[in-house]
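# Examination of the molecular architecture
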Amino acid sequence: MGDSHTWTAVPGAADQARSVLAAAWSCAVTADGGREELVGAHTVGEDGRVHLQVPEDSALLRAAIFAPRGEPSAVLEFADVAPVPLRNRIRARLWIAGWFAAEGEGLALRPTRVVLRRPSGAELVDLDEFTAAAPDPLAVAEAQLLTHLADAHPDAVERLTRLVEPDSLHGAVRVRPLAVDRHGLTLRIERARAHGDVRLPFHAPADTVAQLTERVHVLLGQAAAAACPRALQRQRADRDR
């Protein structure tokens, strides 16, 4: 199945939480003033505080200004959505609870609890680790990278399945790129009524798009030396009929 990988790291919960924040375009805010959906309105400071730009007539802003007992509490919810169309596109959800206050023309939320839910389950993120973490260097570019790979290079995605254990491809009807980060590429194996995800780790972390291109080429080189899985051979034959 090609050369073995020596780099097997995966993003930690704090790092992934910061990546979700960096890439997400919208969030839901729930507080005493109600629930609001905000689009393109959040940024994250180095101290981990989340800054929100809200409309002047926002109930959240009024709650922050006129709170009778100091800073009101709120919960922010973010969804990590796969950019490539496939089943179950929500890859993770992030909840940040804390206290918010009016700051400038918007709000600033000081986190007191951060929870990241991934397919493996929910995890409470340490606040110090969350503050110290940084988003994956490919997080903002991931959507464009994955859609380009899926739309312009489906043959490359198919070749990469040669690095997947045959059992994971049993009953496969479609394979799509699900996620990419500095540590590796994840493929979604779709079956008739189910799906599974397979991670292909890079031999070394990629901190730039140029490095990512090199890492993917290494994987393709390893795939070229491997046999085409029978499951994908049958899939290709059925498609060509």
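In short, a report on the structure. On a predicted model such as this, the values are computed, not experimentally measured, just so you know.

How each quantity is defined
- Residues numbered from 1 in each chain as written.
- Predicted model: local features only at pLDDT ≥ 70, side-chain atom pairs only at ≥ 80, totals over all residues.
- Heavy atoms only, no water.
- Buried < 20%, exposed > 50% of the residue type's maximum accessible area, 1.4 Å probe, protein only.
- Helix = DSSP H or I, 4+ residues; strand = E, 2+ residues; numbered from the N terminus.
- Polar contact = N/O pair within 3.5 Å; in protein donor to acceptor, adjacent residues only side chain to side chain.
- Pairing = 2+ DSSP bridges.
- Axes fitted to C-alpha atoms, helices over the stretch in contact; angles between N-to-C directions.
- Contact = heavy atoms within 4.5 Å.

For the rest of this paragraph, the subject is helix H2 (residues 59-66). Every buried residue belonging to H2 is among Ala 59, Leu 60, Leu 61, Ala 63 and Ala 64, and all of these are buried. Capping the start of H2 is the job of one residue whose side-chain oxygen sits 3.1 Å from the backbone nitrogen of Leu 60: Ser 58.

To continue, consider the sheet that holds strand S9 (residues 172-181). An order of S9-S10-S11 is seen for the 3 strands of this open sheet, with the pairing classed as antiparallel. At either margin of the open sheet sits one strand with a lone partner, and together these are S9 and strand S11 (195-201). Each adjacent strand pair in this sheet contributes to an overall mean axis angle of 25 degrees, direction not counted. Taken together, the 7 bridges between strand S10 (residues 184-191) and S11 define a ladder with antiparallel strand orientation. Following the sheet pairing, Glu 190 is matched in S11 by His 195. Its contacts with the sheet put helix H4 (residues 142-152) on S9 and S10, and the angle it makes with S9 is roughly 150 degrees.

With the exception of glycine, most residues fall at negative phi, and the peptide bonds are largely trans. Here Asn 88, not a glycine, exhibits a phi torsion of approximately 45 degrees, which is positive. Relative to the helices and strands, Asn 88 resides in the loop between strand S5 (73-81) and strand S6 (90-103).

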